[in-house]
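# A structural walkthrough
These are the residues of each chain, in order.
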2 protein chains.
Amino acid sequence: MLNAKTPSRRVVIIGGVAGGASAAARLRRLDEFAQITLVERGPDVSFANCGLPYHIGGEIADRSLLTIQTPASLRSLLHIDVRAQTEATHIDRSTRTVTVVDLRSGQQSQLPYDHLILAPGAAPLRPSLPGIDRPEILTLRSLQDMDRIKHAVEEVESVLVIGAGFIGLEMAEQLAHLGKRVHVVELQPQVLPALDPDMAAPLAQELVRQGIALRLGTAIVSFEASERPHEPVCAITSHGERIVVGAVILSIGVVPESRLGKEAGLALTPRGHIAVNAYLQTSDPLIYALGDVCATPDLFTGEQTNVPLGGPANRQGRTCADHIVLGEKALPYPGSLGTAIVRVFALTAGVTGLSEKRLRALGRDYRVTLVAGSSHASYYPGAESVTLKLLWDPQSGDVLGAQAYGGAGVDKRLDILATALRGRLTIDDLVHLELSYAPPFGSAKDVVNVAGFAATNQRDELVRPVSALPTEPGIQLVDVRGAAAAQELPVEGARNIPLAALRDALPTLEQGMPVVTLCAHGKTSYFAARILAQHGYNVRSLAGGVYAHPELQPTKPSA
Amino acid sequence: MLNAKTPSRRVVIIGGVAGGASAAARLRRLDEFAQITLVERGPDVSFANCGLPYHIGGEIADRSLLTIQTPASLRSLLHIDVRAQTEATHIDRSTRTVTVVDLRSGQQSQLPYDHLILAPGAAPLRPSLPGIDRPEILTLRSLQDMDRIKHAVEEVESVLVIGAGFIGLEMAEQLAHLGKRVHVVELQPQVLPALDPDMAAPLAQELVRQGIALRLGTAIVSFEASERPHEPVCAITSHGERIVVGAVILSIGVVPESRLGKEAGLALTPRGHIAVNAYLQTSDPLIYALGDVCATPDLFTGEQTNVPLGGPANRQGRTCADHIVLGEKALPYPGSLGTAIVRVFALTAGVTGLSEKRLRALGRDYRVTLVAGSSHASYYPGAESVTLKLLWDPQSGDVLGAQAYGGAGVDKRLDILATALRGRLTIDDLVHLELSYAPPFGSAKDVVNVAGFAATNQRDELVRPVSALPTEPGIQLVDVRGAAAAQELPVEGARNIPLAALRDALPTLEQGMPVVTLCAHGKTSYFAARILAQHGYNVRSLAGGVYAHPELQPTKPSA
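Every chain is numbered on its own, with residues counted from 1 as its sequence reads. Chain labels run from A onward and ligand labels from 1 onward, assigned in the order the entries are written. Side-chain atom pairs in this predicted model are given and counted only at pLDDT of 80 or more, local residue features only at pLDDT of at least 70, and totals for whole chains, interfaces and linings cover all residues.

Attention now moves to the overall build of chain A. A tally of regular secondary structure across chain A gives 15 helices and 33 strands. Throughout, radius of gyration means the C-alpha value; the globule benchmark is 2.2 Å times the number of residues raised to the power 0.38. Taken over C-alpha atoms, the radius of gyration comes to 27 Å for chain A, in line with the 24 Å a tight globule of 559 residues would show. Projected onto the principal axes, the alpha-carbon positions of chain A cover approximately 90 × 65 × 40 Å. Burial is judged by counting the other C-beta atoms within 10 Å of a residue's own C-beta: 20 or more makes it buried, 12 or fewer makes it exposed, and any count in between marks it as partly exposed, with every C-beta position built from the backbone. Among the 559 residues that make up chain A, the fraction classed as buried is 55%. Any two residues are considered in contact once their C-beta atoms, placed from the backbone, lie within 7 Å. Relative to all contacts within chain A whose residues are 6 or more apart in sequence, the contacts with residues 24 or more apart total 62%. Numbering of helices and strands starts at the N terminus; helices are DSSP runs of H or I of at least 4 residues and strands are runs of E of at least 2.

Next comes the structure, spelled out in structure tokens:
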């Protein structure tokens, strides 16, 4: 039973994965009598693209779990016209018509629209390097890509992952789980470039600890055939090194699929995304764009930014459906925070809001607070360490961004801070967040509260943190941990004076020479700094302590 | 080395556990030269009182983990005068002196103060019932109480827990882990009275499933000796039932230890707490009160409320120390939300902000939104169900409170919503919270987003939810789940029309008769209700679905 009534409106949606499918579903719920056509180039719609690495690694054993909907199920549930394996080739804005081609039959047809939604996503970046077209060099975007990689890595012993962003790290982890020898090469001098280098460093350590051959600050300049039968491809690095492997996963980023919009004359951003307003309207108000292809105004800076992630795409789908049906009564899209998270073996890391890198690029004044705590009450079994970096505005105290790494509970702290960002909370507000506390779940003073404490102390000049141990001479380095802890993980050049002994040891510290205090997590060293400051010392405290500074810890591969 | 200099100020703190110890520590960091005296009636200071049930149950095997500090360690770290086993007996406000008695020697002394902090906590309520003084009837507040219970339950096979609040439920769980036969009696018709009955019902089911003998709406009226040698005590219920057990844990609530403050003429609230302002000052501005003994202005209502939990007490300690040293520059205490959480076997449940009960008592207009989702992407292994109840203001859209129960991730959702409450976020803001999403951690549309979707849909009249299945005749009950799910857990009186078949089945549904749609979690039934409403039906959707309504699920003890 196709619409018996005359359709209220004709909406064509190009792209049927996250944002496109969300837009179609919301649209149908708002308007039972709209004529909705969903055009998807691939064979699948609404699949779980974030799950692809985990099927390759075997954690999601059942492939069918990833196909949330099929074209047929979407058709029957939403009562829409789903055209899979169909490519949109041209938009005629004057006649409000999209030309589409059925990729199986080659048949071309015209789809008239009242509203058009562009949700084509982004394509993996494939730089034009010598040898790039070798069959062993794979990218991951669709279920078919996934199947290809899964099949390809079955037969090989070693894999090179190019790019240590979110997908690259997930792939590295999953390939290692499969028992492959894994190489990771990243152009930047750090993994996970969305994070600041200090917060990404522990992830690099974890990769090395897990036996991954990690090369930072390294590009691949070309690919060649190798001599080895089971490792047929050789990647040559910018340092001239030859990495011989069985397969290559290219995950250096994505480019928006904005060609169709561009050819239709829609305004693009300098980086090639389709520019949209808060209702996801492009420069043609009848055409919307969402997800990886579009750039929305940033929540903080107002500049057009793209966050190529599933959460924003899904919610943008809702926004543009609302705007088509409800007009200005629709809730505008508030801009993205860029909240993102990744698990890398035993570590989890993530970010929300602005990073130090971005703040610096924006020329914005900010302060950094680094703290460490435990995922739940330290006296209850299973507590894991969480290190949190908070960025805030020294004038207003507004929280600007946060990054975290650690074990359990990193996701929770990021989500608390993402919510704080949405509510424009200040560091004072973090002091009095009243989070759930029972021993298995939290602490009386959660690490987010502790970040509020430390940041307000910093603003109120109760403590002056240092982000790294000073290397210049003429500084008294005082390790205020207990003697056992200080001996177990000693810090070079530091004198151990446990906090309880500090007041009695004051006569042995020189008043005229600066002091830096340090401890395990940055709390005891702050206590020590308060004592010293009030006794007239020029003192700073190592923010986050030894555990937030991987350079102070020995790295060894785990047994 | 006691203070060489003349002390800057003399502060006496009565009570050295959570709030008192926090106040002392913060005070010392702000003022190295204050003379601080900490008076504690018990032998221990700053112990982990929230961990006590878990040592009894053996989860925290090492008792020493619970003693965060000892009087000696606190003395040396904070350079303060710690007087354990010392009771404050009188406050003379005219001479600013506290009289204290050393409970070991009986020796009395006078402590002069410039500022006095009252942090004596609260005592377990012990109603004057016949037989209440029997030695088998125990309460849990201190480490000594814990030791007594641990020892007492070693030798018994059965225990009666009176009161199904947070501590009662934790004790019931731990005692069951020890293999005891556990009875729980609760006066209210529900467990965990801080929650609304609908959100507490699954916990009651879980207790029963785990073999706990639960009696709701039941009081204990007296205790007697029993005949059985290993079960020496018999508790007689308001229904005349005799419960014969080896030991009794009394956990029906606490009374503030406000006698000292009351005798000193400080203003109390009608419920007997010491009234304080946002800086924790009592009616005498030189005397502060914090923690379980005090009532602070409620964040929403302004009325004096007490939240007897560790988090607020700790942060209040900080606030009053700040006010003593910094005066009005101190950050005021913003009021408590009453965020609380408990684990009961496989279920976790908690609350933040106002409950429906409290909103009703306040005579305040509100709306309820009930949704269910999964702890992380449902296609990734280990996802557990989370049911979320959101309370919001129909005029402003402000979030007023939230409750949740389920498996993993309940704590995260409560914390997100506690942060949203602190930021005074609306249901529109929840729609666009940008939470961390990777398959092991979250979903593209988190259950908190889904709560925002559902609440805004409700406000915008896209859906009219019902909170329980109607029992009156003349309503068409339509179960829109797939046939397999509907057969596995059938709902009496409902006709199964899977969503995909609904449009074709419209001619078989009567237009003039109201329809209620239902499904597993309340999402598909909403989709169905949208179809029906737009086709002219008078339709409502069962909020939260079958899984949020324990009365629609069979209860059976687990094998």
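Alright, that's what it looks like, and here's the rest.
With that settled, the discussion passes to the domain arrangement of chain A. Each domain of chain A was delimited in the assignment, giving domain 1 (10-123 + 255-329), domain 2 (137-252), domain 3 (346-459) and domain 4 (465-552). Domain limits in this description derive from either an automatic procedure or a database domain assignment. Distance between the C-alpha centres of domain 2 of chain A and domain 4 of chain A: 40 Å.

A few words on the relation of the copies chain A and chain B. The fit set for superposing copies consists of C-alpha atoms from residues with pLDDT of at least 70 in both; the fit itself is least squares. Its rotation angle being 180°, the transformation that places chain A on chain B also includes 0.0 Å of axial translation and leaves an RMSD of 0.0 Å. Such values leave the two copies arranged in the relation of a two-fold axis. Of the residues that chain A buries at the interface, 100% are likewise interface residues in chain B, meaning the two copies contact each other through the same surface.

Taken together, the 72 residues of chain A in the interface contact 72 residues of chain B. Secondary structure elements with two or more residues in the side of chain A that touches chain B: α3 (71-78), α8 (310-326), β24 (340-344), α10 (410-422), α11 (427-431), α14 (499-505) and α15 (524-534) of chain A. Here the side of chain A that touches chain B gets nine residues from one element, more than from any other, and that element is α10 of chain A. Each residue is assigned to one class: nonpolar for Ala, Val, Leu, Ile, Met, Phe, Trp, Tyr, Cys and Pro, charged for Asp, Glu, Lys and Arg, and polar for all the others, Gly among them. Classifying every residue of the side of chain A that touches chain B by side-chain character gives 40 nonpolar, 16 polar and 16 charged.

The residue Gly311 of chain A is located in helix α8 in this model. Judged by local crowding, Gly311 of chain A falls into the buried class, with 26 C-beta atoms found within 10 Å. Along the primary structure Gly311 of chain A and Ser238 of chain A are separated by 73 residues, whereas in three dimensions their C-alpha atoms are 36 Å apart. For Gly311 of chain A, the residues in contact, after removing those within four places along its chain, are Glu434, Leu435, Tyr437 and Ala444 of chain B.

A few words on helix α5 (residues 166-177) of chain B. Residue and element names in this part refer to chain B. To estimate the expected span of a helix, subtract one from its residue number and multiply by 1.5 Å. Between its first and last C-alpha atoms α5 spans 17 Å; for twelve residues at 1.5 Å apiece the expected length is 16 Å, and the two agree. Taken residue by residue, α5 has Phe166, Ile167, Gly168, Leu169, Glu170, Met171, Ala172, Glu173, Gln174 and Leu175 as its buried positions. Gly179 lies just past α5 and shows a positive phi near 90°.

It is worth spelling out the sheet that holds strand β13 (residues 181-185) of chain B at this point. Residues and elements named next belong to chain B. For two strands to be treated as a pair, DSSP must find no fewer than two bridges joining them. One open sheet holds the five strands; their spatial order is β11-β18-β12-β13-β14, and the pairing between them is parallel. Since the sheet does not close on itself, it has two edges, and those belong to β11 (137-138) and β14 (213-215), each with one partner. Pairing analysis gives three bridges linking β13 to β14, with the strands arranged parallel. Bridged to Val184 within β14 is Leu214. To get an axis, fit a line to the C-alpha atoms, keeping to the stretch in contact for a helix; angles then go from 0 to 180 degrees between the N-to-C directions. Contacting β12 (158-162), β13 and β18 (247-250), α5 runs over the sheet at an angle of about 165° to β13.

All names here are of chain B. With 17 residues, helix α8 (residues 310-326) extends 24 Å from end C-alpha to end C-alpha; this agrees with the ideal 24 Å at 1.5 Å per step. For α8, a buried count of 15 out of 17 residues is recorded, marking the element as mostly surrounded by other parts of the structure. Of the residues trailing α8, Gly327 is marked for its positive phi of about 65°.

Another point: the confidence of the model for chain A. For chain A, per-residue confidence averages 95 on the pLDDT scale, and residues scoring 70 or more make up 98% of the total. In the predicted complex, the global pTM is 0.96; the interface-specific ipTM is 0.96. Along the chain, pLDDT gives the predictor's confidence residue by residue, from 0 to 100.

Attention now goes to the pairing of strand β9 (residues 115-118) of chain B. For a regular strand, side chains alternate in direction, first toward one face of the sheet and then toward the other. All names here are of chain B. Taking every second residue as pointing to the same face, both faces of β9 are buried, with His115 and Ile117 on one and Leu116 and Leu118 on the other. In this structure, strand β1 (residues 10-14) lies alongside β9, joined through four bridges in parallel fashion. By the bridge assignment for β9, Ile13 is matched with Ile117. Pairing between β9 and strand β21 (residues 287-289): three bridges, direction parallel. When the bridges of β21 are listed, Leu118 appears paired with Ala289.

Right, let's talk about unusual backbone geometry for a bit. In the Ramachandran plot, Phe345 of chain A falls in the positive-phi region, its phi being about 55° despite a non-glycine side chain. Phe345 of chain A gets classed as partly exposed once you count the C-beta atoms within 10 Å, which come to 18. A positive phi angle, close to 50°, is found at Gln85 of chain B, a residue other than glycine. Mapping Gln85 of chain B onto the fold places it in the loop between β5 (81-83) and β6 (86-92).

Moving on, we come to the packing of helix α1 (residues 19-30) of chain A against α8 of chain A. Residue and element names in this part refer to chain A. Across the interface, α1 lies against α8 with an axial gap of 7 Å and an inter-helix angle of 35°. For the crossing formed where α1 meets α8, the hand is right-handed. Residues Gly19, Gly20, Ser22, Ala23, Arg26, Leu27 and Leu30 of α1 touch α8, and the partners they reach there are Ala313, Asn314, Gln316, Gly317, Arg318, Cys320, Ala321, Asp322, Ile324 and Val325. Broken down by class, the residue content of the contact of α1 with α8 amounts to eight nonpolar, six polar and three charged. What makes a crossing left-handed is the near helix being turned counterclockwise from the far one by less than a right angle; a clockwise turn instead makes it right-handed.

Residue and element names in this part refer to chain B. Strand order in this open sheet of five strands is β5-β2-β1-β9-β21, and the pairing throughout is parallel. Either end of the sheet is taken by a strand with one partner, and the two such strands are β5 and β21. Shown here is a sheet whose adjacent strand axes are inclined to one another by a mean of 15°, direction ignored. Sheet contacts for helix α1 (residues 19-30): β1, β2 (35-39) and β9; angle to β2, the most-contacted strand, approximately 170°.

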